[in-house]
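Now for the letters of each chain:
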Amino acid sequence: MVTTDILIIGAGPTGLFTVFEAGLLKLKCHLIDALPQAGGQCSEIYPKKPIYDIPGFPEVLAGDLVHNLMEQIKPFQPGFTLGERADSIERLDDGSFIVTTNKGTEHKAPIVAIAGGLGSFEPRKPQLDNLARFEDRGVAYIIRDPEVFRDKKVLMAGGGDSALDWAIFLTDVASEVTLVHRRNEFRGALDSVEKVQELKNLGKINLITPAEVVELKGEANLTAVTVQKTDTKETIEIAIDDFIPLFGLSPKLGPIADWGLEIEKNAIKVDNTLDYQTNIPGIYAIGDVNTYPGKLKLILCGFHEATLMCQSAYQRIHPDKKYVMKYTTVGGVTGFDGSKKEAPKAVVKSID
């Protein structure tokens, strides 16, 4: 059985940063994630996608952010159970919890922090008769490595940020980029919409609106699609190598929804924003998985929530101790591996 101070369910950015904040408090962490590697959606779905709202980073690739977080927490020696889903939870008489995965691995901790992002998720798929036939043979729902589309003819469908951002990005990778959306208006950021329009004017993006993909064609692999204009019903056949429908993800909490937690709109409701504790004492929810008045689903907010949660967890684990916060700029960072990071001390010389 794995034992730890804080058991973190979800190894995305919020879960990883929790390890750092807990480490400053001398609390050990272990993380469970159903994915085979740490990083959550940043690693699994868009590792090469730039993120622009991380403080101190004007631009950072999602995969690089995960790498940096892993480096930051390395001194605190977290444990990982990857490729396994947190399945059931049991509360013991002493108030601690045992969480068992779908593969039977048991974990015991006095604190459980659910940082599962949006939970498990499935891509929303278009209603096309032969879609499944071409999955992994020209149809993809997630862009993990843009280089897969190097010098290929790519058609994307969707009207949100993901479709817009990837269409812009792939103009420097693919030989031809087509973006199809069933409306003339887009749901994405204004600057992305303007950039797509600019690239269309430059002949770098073939923009077709309002329209939908109505048929996929090919033998062993996808070779073409039929696009229908929704206003005139005119059809266009376009030769392509890859079709990427980006209609978002359908999130599900999975087994966590049956743990007795208060759920609101597929998210875990927290009692307050002082420590993000759930209706079950000792279980916290941080990051995109939680909800409360004024909630914003941003990585930045997840970092803030993790910081306050760790302070509350420390008080639950050590009710008789008073923690005095010390700034890392003053006290440095001491890892469980014996490493020490601190600012160089000023040298004071006496004057004769």
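Refer to the structure printed above.
It should be emphasised that the depicted structure is a prediction, and the values quoted were computed from it without experimental measurement.

Draft legend 1. Molecular detail of the environment of L179. Within the secondary structure, L179 sits in strand β13 (residues 176-180). The sequence separation of L179 and M156 amounts to 23 residues, and the corresponding C-alpha distance is 4.9 Å. Residues in contact with L179, not counting those within four places in the same chain, are M156, G158, A163, L164, A167, F186, V196, I205, N206, L207 and I208.

Draft legend 2. Highlighting the packing of aromatic side chains. All chains considered together, the criterion is met by 6 aromatic pairs. Here the aromatic rings of F17 and F20 are separated by 5.8 Å at their centres, their planes lie at 25 degrees, and the arrangement is stacked. Residue F17 and its partner F20 are both found in helix α1 (residues 13-24); the two are separated by 3 residues, about one turn of the helix. For the pair shown, F17 and F20 are each scored as buried. Pairing Y276 with Y292 gives two aromatic rings, centres 5.5 Å apart and planes at 50 degrees, and the pair type is tilted. Here Y292 lies in the loop between β23 (290-291) and α6 (299-317) and Y276 lies in the loop between β21 (267-269) and β22 (283-285), a separation of 16 residues in the sequence. Like Y276, the residue Y292 is buried in the burial classification. The structure contains a cluster of three or more aromatic residues connected by ring pairs, namely F17, F20, F76, F303 and F336.

Draft legend 3. Spatial organisation of the packing of α1 against helix α3 (residues 62-73). The geometry of α1 relative to α3 is characterised by a closest axis approach of 8 Å and an angle of 20 degrees between their N-to-C directions. Classified by the interaxial angle, the pair formed by α1 and α3 is roughly parallel. Where α1 crosses over α3, the handedness of that crossing is left-handed. Taken together, the residues of α3 that come into contact with α1 (itself represented by P13, L16, F17, V19 and F20) are V66, L69, M70, Q72 and I73.

What counts, and where the lines are drawn
Residues numbered from 1 in each chain as written. Predicted model: local features only at pLDDT ≥ 70, side-chain atom pairs only at ≥ 80, totals over all residues. Heavy atoms only, no water. Helix = DSSP H or I, 4+ residues; strand = E, 2+ residues; numbered from the N terminus. Contact = heavy atoms within 4.5 Å. Phe/Tyr/Trp six-rings, centres within 6.5 Å; stacked < 30°, edge-to-face > 60°. Buried < 20%, exposed > 50% of the residue type's maximum accessible area, 1.4 Å probe, protein only. Axes fitted to C-alpha atoms, helices over the stretch in contact; angles between N-to-C directions. Parallel < 35°, antiparallel > 145°, perpendicular 65-115°, else oblique. Left-handed = near helix turned anticlockwise from the far one by under 90°.

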